[in-house]
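# Remarks on the overall topology
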Amino acid sequence: MIPSWIIIGAVTFFVALGSFFITPRDVKWFANLSRPRWLVFEPLIPIIWTVIFICGAASAYVVWEKNPGSPITWLLMALYLLVEIITVAYIPTMLRFRSLKIGEVLGLIGLISGVVLAICVLPISLMAALLLLPYLVWTPIGTYTTDELKELNPQDA
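Residues numbered from 1 in each chain as written. Predicted model: local features only at pLDDT ≥ 70, side-chain atom pairs only at ≥ 80, totals over all residues. Heavy atoms only, no water.

The name recorded for the chain in an unreviewed UniProt entry is TspO/MBR family protein, from Nostoc flagelliforme FACHB-838. Per UniProt, the comment on the chain under Sequence similarities (unreviewed entry) is "Belongs to the TspO/BZRP family." Annotation of the chain in UniProt includes, under Subcellular location (unreviewed entry), the sentence "Membrane". (UniProt positions renumbered as here; feature names shortened; annotations may be inferred.)

Shown next, in the form of structure tokens:
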């Protein structure tokens, strides 16, 4: 039998690969947007998201191991998956439609979903909830950054 951490890690990895369905034309649009002067950490964003996804997968693993295969655990796994899909959809959807507003909306939906997930897993495991903190801290930063990009690039809002 395949260990649960491998399955959770593989699902996380393959869903994250979905963000690579971006055409160079879409990336070029985003690269040409004006950015706020304080956005000096942009090169670190892929590393930040990698850490966040690892923490999310670890959180899901902790929850799964508390009560493997129960209906509640499966529902929580679906919620973890939903949060990841929303998160991964942020960049390709925003770039595909060339709309910062779409990115901002997806960021807010991701944040709300992440808060709901953290509240749901807290009674099961404090550690699982704490592992979601990087997501809960970073998502508002990303959403705020998107809002700032919108202000600097009103033609691309």
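### Considerations on the packing of aromatic side chains
Tallied over the entire structure, the rule returns 8 aromatic pairs. Centroid distance F41 to W138: 5.6 Å. Interplanar angle 75°. Geometry classified as edge-to-face. Of this pair, F41 sits in the loop between α2 (24–31) and α3 (45–66) while W138 sits in helix α7 (residues 133–152), placing them 97 residues apart in sequence. For W138, a relative accessible area of 12% corresponds to the buried category. Pairing W49 with Y135 gives two aromatic rings, centres 6.0 Å apart and planes at 65°, and the pair type is edge-to-face. Taken together, the positions of W49 in helix α3 and Y135 in helix α7 put the pair 86 residues apart, joining distant regions of the chain. Positioned over the ring face of F30 is R35, at 4.7 Å from the centre of the ring. (Phe/Tyr/Trp six-rings, centres within 6.5 Å; stacked < 30°, edge-to-face > 60°. Helix = DSSP H or I, 4+ residues; strand = E, 2+ residues; numbered from the N terminus. Buried < 20%, exposed > 50% of the residue type's maximum accessible area, 1.4 Å probe, protein only. Lys NZ or Arg CZ within 6 Å of the ring centre and 35° of its normal.)

### What about the UniProt feature "transmembrane region" (unreviewed entry) in the chain?
The feature "transmembrane region" (unreviewed entry), as annotated in UniProt, sits at residues 6–23, 44–64, 70–93 and 105–138 in this numbering. Here residues 70–93 runs as 96% helix and 0% strand, with 34 Å between its end C-alpha atoms. With 85% helix and 0% strand, residues 105–138 has its two end C-alpha atoms placed 15 Å apart.

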